[in-house]
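# Notes for the structure review
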Amino acid sequence: MSEALQALSDGLADAVERVGRSVAAVHGRRRIPASGIVWRPGVIVMAHHTLERDEDLSVTLDDGATVPATLAGRDPGTDIAVLRFEGDAPAAEQADAAKLRVGSLVLAVGRPGRSVAASLGAISRVGGEWRTRGGGRIDRLVRLDMVIHDGFSGGALTGVDGRVLGMNTSRIGRGAPITLPASTVERVADQLLERGYVPRRYLGLGGQPVRIPHATGGANGAGETGVMVISVAPGGPAEQAGILLGDVVLAFGGVPVGDPGEVMAALMAQNPGDVVPVRLLRAGSVVEAAITVGEYPQHREG
């Protein structure tokens, strides 16, 4: 038994050492440094919420060198920011988080200073694709049962093989630390390096499910519920399309919708600039409208 425990202990320590070569300390806030991962040569990914300024940035690498860095872009919706730097640091070897199971032993690896640090825990929950409150699309839910120490957000999650499963964050998990899968980080990093931001489709309306008369729904290809419009953003696509408070959305782009999640799913099939037909129930009558899909206004969230 003692030999097996020693082998496990050595394996975990080896994994931290391997991943630690690609984990950097990011100097971009008043308190202790945040953690970041060397994702590609000259590119670091980190947690957006830990970066308090856009300029006068630097990173400390595993070899102890501190070099200047510049912000390529940030995405509050997924809590990912990307930096460029000039320095010699190996990029992390990535692994597929889709193979994780509840109960798997994992390590959070950060660098909240000059030295690497680690926390041991387990996967407490896994699930499919989900969206954050800020509209970010996360490819897989990976919730952690471990302590994410101060300065660890933006650091790496690894198994005993020393490959990076994703980036850890304490901000968007609704009270629990989560890992953004490597596939999500890769996709968002591509967009931030190309554009500096992640474009998101935007309608400028808020809604909630509401029951509709059976005869009305059946006659118009809708289900038992529609989406009542409870807010319309001034100047947004919905207002420009003439959509009013109290309207009930029955179908979007020819697809029946019964809750806001279904509206969002139908919206994902469109691109900014597309003109989409919308079927509405207004004061007991069915009306047709056309909404031009917008792009979510870019703003910084702390």
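Quick note: structure is the one above.
Let us look at the structure shown here. As the structure is a computational prediction, the values presented were derived from the model and not from experiment.

With that out of the way, let us pick up the overall build of the protein chain. Scanning the protein chain for helices and strands turns up 5 helices and 22 strands. Projected onto the principal axes, the alpha-carbon positions of the protein chain cover approximately 70 × 50 × 25 Å. Per-residue burial over the protein chain gives 47% buried out of 302 residues. Look at the contacts in the protein chain between residues 6 or more apart in sequence, and 60% of them connect residues 24 or more apart. Mean positive and mean negative side-chain charge positions of the protein chain (30 and 33 charges, respectively) differ by 3 Å.

Glancing now at the sheet that holds strand β4 (residues 57–60). Here 6 strands make up a closed barrel; going around it, the order is β1-β2-β3-β6-β5-β4 and the pairing antiparallel. Within this sheet the neighbouring strands show an average axis-to-axis angle of 40°, counted without direction. Bridge analysis of strand β2 (residues 34–40) against strand β3 (residues 43–47) gives 4 bridges, and the strand direction is antiparallel. Paired with I37 across the bridge in β3 is V45.

A complete count under the given rule lists 16 salt bridges for this structure. Here R21 and E17 are joined by a salt bridge, their closest N and O atoms 3.9 Å apart. Across the salt bridge formed by R30 and E52, the nearest N and O atoms sit 3.5 Å from each other. Remark: E52 occurs in the loop between β3 and β4 and R30 occurs in the loop between β1 (23–27) and β2; sequence separation between them is 22 residues. Residue classification places R30 among the exposed residues on the basis of a relative accessible area of 73%. Taken together, the salt bridges that share partners define one network made up of E129, R137, D139 and R187.

This part is about the side chain of S58. Looking at where S58 falls in the secondary structure, it is placed in strand β4. What makes S58 buried here is its relative accessible area of 18%. Every residue in contact with S58, bar those within four places of it in the chain, is listed here: A25, V26, H27, T66, V67, P68 and A69.

Turning next to the pairing of strand β6 (residues 80–85). Within β6, 5 of the 6 residues are buried, leaving the element largely enclosed by the surrounding structure. The turn linking strand β5 (residues 66–75) back onto β6 is made up of 4 residues, and D79 within it adopts a positive phi angle of 60°.

What follows is about the nonpolar core. In terms of nonpolar packing, the biggest core is built from 31 residues, with I37, I80, V82 and L180 touching the most fellow members. Of all the secondary structure elements, the ones that give two or more residues to this core are α1 (2–20), β2, β3, β6, β7 (105–110), β13 (164–169), β14 (178–181) and α2 (182–195). With 6 residues, the single largest contributor to this core is α2. In this structure, L203, V249, V263 and L267 belong to the second largest nonpolar core, which totals 17 residues.

As a further point, take the environment of G159. Tracing the backbone through its elements, the reader meets G159 in the loop between β12 (156–158) and β13. Along the primary structure G159 and I148 are separated by 11 residues, whereas in three dimensions their C-alpha atoms are 16 Å apart.

This paragraph deals with the environment of E129. Here E129 shows up in the loop between β8 (117–127) and β9 (130–131). The exposed category is assigned to E129, whose relative accessible area is 52%. Once the C-alpha coordinates of E129 and L107 are considered, the two residues, 22 residues apart in sequence, prove to be 23 Å apart. The contact partners of E129, leaving out residues within four places of it in the chain, are R137, I138, D139 and R140.

Between its terminal C-alpha atoms α2 stretches 20 Å, which fits the 20 Å expected from 14 residues at 1.5 Å a residue. Within α2, burial applies to A182, T184, V185, V188, A189, Q191, L192 and L193.

Below, the discussion takes up a nonpolar patch on the surface. On the surface, a nonpolar cluster with roughly 620 Å² of combined accessible area is contributed by M1, L5, L8, L105, L120 and V160. Mapped onto the fold, L8 is located in helix α1.

Our focus in this paragraph is helix α5 (residues 260–267). Those residues of α5 that sit buried are V263, A266 and L267. Seen end-on, α5 carries its buried residues on one side only, within an arc spanning 100°. Put simply, D259 is the residue that caps the front of α5, since its side-chain oxygen is 2.9 Å from the backbone nitrogen of G261.

Here the focus is the environment of G253. Residue position: G253 is located in the loop between β18 (248–252) and β19 (255–256). For G253, a relative accessible area of 32% translates into the label partly exposed. When the C-alpha atoms of G253 and R279 are compared, they prove to be 8.5 Å apart, with 26 residues separating the residues in sequence. Ignoring anything within four residues of it in the chain, the contact list for G253 reads V276 and P277.

What counts, and at which threshold
- Residues numbered from 1 in each chain as written.
- Predicted model: local features only at pLDDT ≥ 70, side-chain atom pairs only at ≥ 80, totals over all residues.
- Heavy atoms only, no water.
- Helix = DSSP H or I, 4+ residues; strand = E, 2+ residues; numbered from the N terminus.
- Buried < 20%, exposed > 50% of the residue type's maximum accessible area, 1.4 Å probe, protein only.
- Contact = heavy atoms within 4.5 Å.
- Lys, Arg positive; Asp, Glu negative; His and termini not counted.
- Charge placed at Lys NZ, Arg CZ, Asp CG, Glu CD.
- Pairing = 2+ DSSP bridges.
- Axes fitted to C-alpha atoms, helices over the stretch in contact; angles between N-to-C directions.
- Salt bridge = Lys/Arg side-chain N within 4 Å of Asp/Glu carboxyl O.
- Core = buried A, V, L, I, M, F, W, Y, C linked by side-chain atoms within 4.5 Å.
- Expected span 1.5 Å × (residues − 1).
- Patch = residues over 30% accessible without salt bridge, like charges linked within 9 Å, V, L, I, M, F, W, Y side chains within 5 Å.
- Areas by Shrake-Rupley, 256 points an atom, 1.4 Å probe, with all protein chains shown as cover.
- Arc of directions from axis to C-beta.
- Polar contact = N/O pair within 3.5 Å; in protein donor to acceptor, adjacent residues only side chain to side chain.

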